[in-house]
Amino acid sequence: MRTQVGIIGAGPAGLMLSHLLHLYGIESIIIESRTREEIEGTIRAGVLEQGTVDLLNATGVGERMMREGHFHHGIELRFNGKGHRIDIHELTGGKNVTIYAQHEVIKDLVAARLKAGGEIIFNVGDVSLHQLDTPTPKIRFRKDQDGELQEITCDFIAGCDGFHGPSRPAIPETVRKEYQKIYPFGWLGILTVAPPSAPELIYANHERGFALVSTRSPEIQRMYIQVDPRDDIANWPDDRIWEELHARLATHDGWELIEGPIIQKNIIAMRSFVCDPMQYGRLFLAGDAAHIVPPTGAKGLNLAVADVQVLARGLESFYRSGKTELLERYSEICLRRVWKAERFSWYMTSLLHRHPDHTPFDRRIQLAELDYVTSSRAAATSLAENYAGLPMEFETTAGVSL
Ligand code: FAD
Ligand code: DHB
């Protein structure tokens, strides 16, 4: 097989890249280790930055999101039994917080790619990358997990295969530097069949640990509580989850959490991770393959989409005019924004979680920071602009704004 851009992974990064390349007239093939049903059914992120929403709309895949998504103007930070609203819309000059589940974005992108005749090969196994520092890098894989070995010869390879995929390890260890922070907490996430308990997302800091109230639809709600990352979900019968949610979210003003049957629950660990550089020869990493953020800032999916916008522009410039400048600067351009999102995700995580090693002094500093960010317009504006998403500002040396 032969293609211009071989893409490994059909997550938000790989699918959006393939979609953008198609709009630029560049062909690609996506290979994905899971089945279509699996990728369309995995529950993950929920919050889209305004830039992601604008991109989905501008490229013709936003219709269902505009119909079924939820558009909030603010978020609530809750501590000491009291809620404090951060008016994201007003503080950012009109940006929204959009709630539209990641697997719905995946469904929309898969449908758009297949409708346009795009090729996605699902359920592949044994994926490996070869000849990355030549003009004809290759991807090898087995169809249907353990079928016949196949090879795709490409001009470029995009490693969009998430944190555990084979792309990042294909960059020689002597070339890449990895930065990592593992947090001593995890999130237990649930889906429950109940009406919304609040009009906007609630991020709660409580002595017993962090809690988050989010939504999916008028009938289904998404909530999270901080737990030990090594804990077993079997230790969390539904009653215990509700007890913690009630305790951590309790207010002095009679607000009530609405319970319902829990239809899904799981625990995820939390880490911050950055690989520098995000490219090697003709291989470009995008999304979780290159960087991980803890979910508190709701940035993971949005960063993946931001990376592939830069990559698609670089590839477009290469195929249109033979220029390699943008591709050469891919990593540098992405990492400036990635590190700012890493900083914000670390900040939100530190601000809102109970730290097992915190002294009483550390705890008072945390509460002072919460008091500051909810009472100073300057501090709230900083939080709001980061939460809603920093702009995709970068210029080529030719002075062209992208
Ligand atoms: P992914 O979505 O991971 O996609 C990578 C794709 O590559 C997958 O489909 C995978 O099957 C495929 N793949 C892997 N290996 C291979 C291979 N060898 N060959 C071919 N394909 C391969 N972010 C938030 O903001 N909020 C959240 O609540 C949240 N929850 C999360 C829960 C979990 C369990 C995880 C793992 C992540 C969560 N995230 C969350 C992060 C967010 O979902 C990711 O940042 C986002 O999915 C990144 O998109 P991606 O395309 O880079 O990677
Ligand atoms: C959701 C996930 C997040 O990581 C977050 O910060 C807010 C909401 C969600 O899944 O709805």
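Model, not experiment: these values are computed from the prediction. (Residues numbered from 1 in each chain as written. Chains lettered and ligands numbered in written order. Predicted model: local features only at pLDDT ≥ 70, side-chain atom pairs only at ≥ 80, totals over all residues. Heavy atoms only, no water.)

**Digging into the site of ligand 1**
As a reminder of what qualifies: The rule for a residue being near a molecule or strand is that one of its heavy atoms must lie within 4 Å of it. Counted as a polar contact is a pair of N or O atoms within 3.5 Å, where, for protein atoms, one must be capable of donating a hydrogen and the other of accepting one, and residues adjacent in sequence contribute only when both atoms are in side chains. Accessible areas in this description were obtained via Shrake-Rupley with a 1.4 Å probe; residue shielding takes into account the shown protein chains only. The helix and strand labels rest on DSSP assignments: H or I over at least four residues marks a helix, E over at least two residues marks a strand, and numbering proceeds from the N terminus.
Ala13, Glu32, Arg34, Gln102 and Asp288 are the nearest of the 30 residues found near ligand 1. Here an oxygen atom of ligand 1 and a side-chain polar atom of arginine 34 are 2.9 Å apart. At 3.1 Å from an oxygen atom of ligand 1 is found a side-chain nitrogen or oxygen belonging to tyrosine 224. Summarising the interface, the protein chains cover 83% of the accessible area of ligand 1, which totals 990 Å² for the free molecule. Listed by contribution, the elements that provide at least two residues to the shell around ligand 1 are helix 1 (12-23) and helix 8 (300-321).

**Points about the packing of aromatic side chains**
As a reminder, the rule being used: Only Phe, Tyr and Trp rings are paired, with Trp represented by its six-membered ring, and only when their centres lie within 6.5 Å; those with planes under 30 degrees apart are stacked, over 60 edge-to-face, the remainder tilted. Burial status follows relative accessibility: with a 1.4 Å probe on protein chains alone, a residue under 20% of its type maximum counts as buried, one over 50% as exposed, and anything between as partly exposed. Geometrically, a charge over a ring is one whose NZ (Lys) or CZ (Arg) sits within 6 Å of the ring centre while staying within 35 degrees of the ring normal.
In this structure the tally under the stated criterion is 12 aromatic pairs. Between phenylalanine 156 and phenylalanine 318, the ring centres sit 5.1 Å apart and the planes meet at 85°, which makes this aromatic pair edge-to-face. Of this pair, phenylalanine 156 sits in strand 12 (residues 156-159) while phenylalanine 318 sits in helix 8, and the two are 162 residues apart along the sequence. In terms of burial, phenylalanine 156 and phenylalanine 318 fall into one category: buried. Lying across the ring of tyrosine 347, arginine 343 places its NZ or CZ 5.9 Å from the centre.

**Things to note about the UniProt feature "domain: FAD-binding" (unreviewed entry) in the protein chain**
Test applied: UniProt positions are given in the numbering used here, feature names are shortened, and annotations may be inferred rather than shown by experiment.
When the UniProt feature table is mapped to this numbering, "domain: FAD-binding" (unreviewed entry) covers residues 2-345. In residues 2-345, helix accounts for 31% and strand for 31%; the two terminal C-alpha atoms are 39 Å from one another.

**Comments concerning the side chain of glutamine 309**
What counts here: Contacts were defined at the residue level, with two residues in contact if any of their heavy atoms lie within 4.5 Å.
With respect to the element layout, glutamine 309 can be found in helix 8. Not counting the four nearest positions on each side in its chain, glutamine 309 is found in contact with Leu20, Leu55 and Met392.

**Some remarks on the confidence of the model for the protein chain**
Short version of the rule: How sure the predictor is of each residue is captured by pLDDT, a score from 0 to 100.
Summary statistics for the protein chain give a mean pLDDT of 96 and a share of 98% for residues scoring 70 or more. The low-confidence segment residues 395-402 (pLDDT under 50) makes 16 contacts with residues lying over four places distant or belonging to another chain.

**Some thoughts on unusual backbone geometry**
Along the chain, aspartate 276 connects to proline 277 via a cis peptide bond; the corresponding omega equals 5°. Here proline 277 shows up in the loop between strand 17 (262-276) and strand 18 (279-280). Non-glycine residue aspartate 144 carries a positive phi angle of around 50°. As for its placement among the helices and strands, aspartate 144 is situated in the loop between strand 10 (138-142) and strand 11 (149-153). According to the relative accessible area criterion, aspartate 144 is exposed, its value standing at 54%. The phi angle at alanine 298 is positive, at roughly 55°, despite the residue not being glycine.

**Thoughts on the site of ligand 2**
Neighbouring ligand 2 are 15 residues, the closest being Tyr203, Ser214, Arg216, Tyr224 and Pro295. Between ligand 2 and arginine 216 there is a distance of 2.7 Å, counted from an oxygen atom to a side-chain nitrogen or oxygen. Within the side chain of tyrosine 224, one N or O atom sits 2.6 Å away from an oxygen atom of ligand 2. Here ligand 2 has 290 Å² of accessible area as a free molecule, and 97% of this is covered by the chains.

**Looking at the pairing of strand 6 (residues 82-86)**
Filter applied, for reference: In this analysis, strands are considered paired if DSSP registers two or more bridges between them.
Of the strand pairs in this sheet, strand 5 (residues 75-79) and strand 6 are connected by 5 bridges, and their pairing is antiparallel. Paired with glutamate 76 across the two strands is arginine 85, which belongs to strand 6. Linking strand 5 to strand 6, which pair antiparallel, is a turn of 2 residues; within it asparagine 80 sits at a positive phi near 50°.

**Notes on the pairing of strand 1 (residues 5-8)**
The criterion, for reference: With strands facing away from the observer, any crossover in which the path from the first strand over the helix to the second runs clockwise is taken as right-handed.
Residues Val5 and Ile7 of strand 1 are buried on one face, and the alternating residues Gly6 and Ile8, pointing to the opposite face, are buried as well. Note that strand 1 and strand 2 (residues 28-31) share 4 bridges and pair parallel. Its bridge partner being in strand 2, valine 5 is matched across the sheet by serine 28. Where the polypeptide runs from strand 1 across helix 1 and back to strand 2, its parallel neighbour, the crossover connection is right-handed. Two strands pair when backbone bridges link them, and strand 1 and strand 12 are joined in this way by 4 bridges, in the parallel orientation. Its bridge partner lying in strand 12, glycine 6 is registered against isoleucine 157.

**A short note on the packing of helix 1 against helix 6 (residues 102-115)**
When two helices pack together, their arrangement is given by the angle between the helix axes and the distance between those axes. Short version of the rule: The axes used here are C-alpha line fits, helices contributing only the stretch in contact, and every angle between their N-to-C directions lies in the interval 0 to 180 degrees. Each helix crossing is assigned a hand: it is left-handed if the near helix lies turned anticlockwise from the far helix by less than a right angle, otherwise right-handed if that turn is clockwise.
It is at 10 Å that the axes of helix 1 and helix 6 come closest, and there the two elements cross at 35°. Of the two elements, helix 1 crosses helix 6, and the hand of that crossing is left-handed. For the pair helix 1 and helix 6, contact is made by Pro12, Leu15, Met16, Ser18, His19 and His22 and by Gln102, Ile106, Leu109, Val110, Ala112 and Arg113, respectively.

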